[in-house]
Amino acid sequence: MTDLLTAEEYAAIAASISLPTAAFIDGAFRPAAAGKTFVTVNPATGAPLAEIAACGAEDVDFAVAKARDAFENGSWSKLPPRERKDVLIRLAKLLTRNARELAVMESLDSGKTIFDCEQVDVPETIDCLKWHAETIDKLYDQVAPASDDHMAVVVREPAGVVGLVLPWNFPLLMLAWKIGPALAAGCSVVVKPAEESSLTALRVAELAHEAGVPRGVFNVVTGTGPEVGEPLGRHLDVDMISFTGSTETGRHFLRYAADSNLKNVVLEMGGKNPCVVLEDAENLDRVAAHVVNGAFWNMGENCSAVSRLIVHHAVKDRLVERIMAHVREWRMGDPLDPACRVGALISKAHFDKVCGYLAKAEKGAILMGGATANGTQVEPTMIDVASNDNVLARDEIFGPVLSILTVGSFEEAIATANDTDYGLAASLFTGNAKRALRGARALRAGTVTVNCFGEGDITTPFGGYKQSGFGGRDNGIQAHDQYTQLKTIWLDLTDDLDEAVA
Ligand SMILES: NC(=O)C1=CN([C@@H]2O[C@H](COP(=O)(O)OP(=O)(O)OC[C@H]3O[C@@H](n4cnc5c(N)ncnc54)[C@H](OP(=O)(O)O)[C@@H]3O)[C@@H](O)[C@H]2O)C=CC1
Ligand SMILES: CCCCCC/C=C/C(=O)O
């Protein structure tokens, strides 16, 4: 656990840190080619934080050209894996040295609580980079069981120039989930952070350069989706896109790829994640603690958040009561106050969207919460929902809003859980081992947690079934695989030309 400072001490750091404002391309900070800027605000106060380069297609072209040059000159892509490892470990050390500054910057830019930034986002970012760095020089290629006359070697090569398009809910961590395996594999990257939360990606790029990542290998192009994301997605010299964000924008990237060079596309998208609590669930107090964490951590701005509680009627009232008791411990307030667990939503526009969903609740159906503060804060809220067809049970709200659906059997619970377009995460609470295993298999989601809620860790793949995921997984060794291409090399071992491979 990181030692936390006082709110006053965090405020003092916030007032003194210098914020990066320019795009980072070819090893240097640069203004947008057209000289345009946009203002990023602190969502907790509405106060302007910094004026950031508003890049466009010209800047994307420049960054991709520099990334390609670096890839082809081999300054990174052809380094022995253990040398790339050394540089990435140096980067992890630099991030550790600057951890507090990064945590404050992240909290200011995104409204996330300093508690989470200090305890989760920054340390997990560092661990992720270390894990991929440590992994890269322990991966072996394969020799196929072909024949005595030939040797077929299957090797993995870096995918090339990769576009990484990021969301605003975990700006640092999603950056790490993508640059960790991409850089370790030897790719050059062009990162497009979300417009609302560009600061930490820029600072990490600067530190990566200081750690020894060569020019052109790690570029950050700031700006909007249409101005930067689309040209990157359509670029003919980008080999792959890895995206995290909404399902709607994910679809755009498939279209961009289809319309351009058929680049590989990996998408990690939304969720409407069920948590099933059966009548035989043990220790409802513990279950409630997991539900509260799953639903309200990071203000529910989490693609794997628990957003549908599917509970057997026999335990519903007791569970709801326990959830309310746990939520009382989740203080809402200034994100820079380390006692706060609920910070600000990312923007006024997103706050309005979440409030729009609260307004759709039936009269008397809001069992807990519903209050708002400061134009971007929403209390942890629980809403009784009569049918899984209700918009509150179907749409990804991406706020601290838990919809409760009441069921009468194991079968009904699983069917309700699976009745969604999404399939990112699911959890199941039961004291019956057979139901636990049957349920875990029946739930259609990329991650299923049984008698707990958790995000998994860096060792396990993260991604979704159905409209939650496409083309690959973040994390685990599987993430490494997607930033590489497979190549098969055949060698003739015979002396006789007639026996050679045609
Ligand atoms: N799975 C997840 O983790 C996330 C899910 N979401 C869901 O999406 C909803 C909307 O959030 P939003 O920020 O709009 O998410 P988006 O999916 O639109 O944004 C994700 C990234 O894609 C970029 N982008 C947006 N539009 C385009 C486009 N047409 N072409 C290329 N790139 C684009 C964004 O840029 P920019 O924002 O700078 O314009 C951002 O960098 C949320 O309410 C939530 O439901 C959101 C974030 C993360
Ligand atoms: C400590 C791990 C946090 C994982 C959060 C994953 C969320 C991803 C997303 O919303 O895209």
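Calculation rules
Residues numbered from 1 in each chain as written. Chains lettered and ligands numbered in written order. Predicted model: local features only at pLDDT ≥ 70, side-chain atom pairs only at ≥ 80, totals over all residues. Heavy atoms only, no water. Domains from an automatic or database assignment. Contact = heavy atoms within 4.5 Å. Buried area = accessible area lost by both parts, 1.4 Å probe. Salt bridge = Lys/Arg side-chain N within 4 Å of Asp/Glu carboxyl O. Polar contact = N/O pair within 3.5 Å; in protein donor to acceptor, adjacent residues only side chain to side chain. Helix = DSSP H or I, 4+ residues; strand = E, 2+ residues; numbered from the N terminus. Nonpolar A, V, L, I, M, F, W, Y, C, P; charged D, E, K, R; others polar. Patch = residues over 30% accessible without salt bridge, like charges linked within 9 Å, V, L, I, M, F, W, Y side chains within 5 Å. Areas by Shrake-Rupley, 256 points an atom, 1.4 Å probe, with all protein chains shown as cover. Buried < 20%, exposed > 50% of the residue type's maximum accessible area, 1.4 Å probe, protein only. 1 Å grid on protein atoms, 1.4 Å probe; cavity = no way out; pocket = protein on both sides within 12 Å on 5 of 7 lines; lining within 4 Å. Points joined across faces, edges and corners; volume = space filled by probe spheres on them.

1. Some details on the domain arrangement of the protein
Many authors give the size of an interface as the accessible area that is lost as the parts come together.
For step 1, the next point in the chain: Taken domain by domain, the protein comprises domain 1 (7–269) and domain 2 (273–450).
For step 2, the next point in the chain: Inter-centroid distance (C-alpha atoms) of domain 1 to domain 2 is 31 Å.
For step 3, the next point in the chain: With 25 residues of domain 1 at the contact, the number on the domain 2 side is 24 residues.
For step 4, the next point in the chain: Across the interface of domain 1 and domain 2, roughly 2100 Å² is buried in total on both sides, 65% from carbon and sulfur atoms.
For step 5, the next point in the chain: Three residues stand out in domain 1 for area buried against domain 2, namely Thr-113, Phe-115 and Trp-168, and they jointly supply 24% of the buried area on that side.
For step 6, the next point in the chain: Where domain 1 touches domain 2, the interface holds zero salt bridges.
For step 7, the next point in the chain: Along the contact surface separating domain 1 from domain 2 lie seven residue pairs in polar contact (both at pLDDT 80 or more).
For step 8, the next point in the chain: Those elements that provide at least two residues to the side of domain 1 that touches domain 2 are α1 (7–16), α4 (99–110) and α5 (114–136).
For step 9, the next point in the chain: In terms of residue count, the dominant contributor to the side of domain 1 that touches domain 2 is α4 (five residues).
For step 10, the next point in the chain: In the side of domain 1 that touches domain 2, the residues fall into 14 nonpolar, six polar and five charged.

2. Notes on a nonpolar patch on the surface
For step 1, the next point in the chain: A cluster of nonpolar side chains, Val-143, Met-151, Ile-489, Leu-491 and Leu-493, forms an exposed patch at the surface whose accessible area comes to about 410 Å².
For step 2, the next point in the chain: Of note, Val-143 is situated in strand β5 (residues 142–147).
For step 3, the next point in the chain: The exposed category is assigned to Val-143, whose relative accessible area is 55%.

3. Remarks on empty space enclosed by the protein
For step 1, the next point in the chain: Inspection of every chain in the model, using the stated rule, returns five cavities of 30 Å³ or more.
For step 2, the next point in the chain: Taken as a whole, the largest cavity spans an internal volume of roughly 100 Å³.
For step 3, the next point in the chain: Taken together, 15 residues make up the lining of the largest cavity; nearest its centre are Ser-304, Ala-425, Ala-426, Thr-447 and Gly-454.
For step 4, the next point in the chain: For the lining of the largest cavity, the leading source of residues is strand β20 (residues 425–429), giving three residues.
For step 5, the next point in the chain: Looking at the lining of the largest cavity, its residues break down into seven nonpolar, seven polar and one charged.
For step 6, the next point in the chain: The space that makes up the second largest cavity amounts to roughly 80 Å³.
For step 7, the next point in the chain: Across the lining of the second largest cavity, the residue classes break down as seven nonpolar, six polar and two charged.

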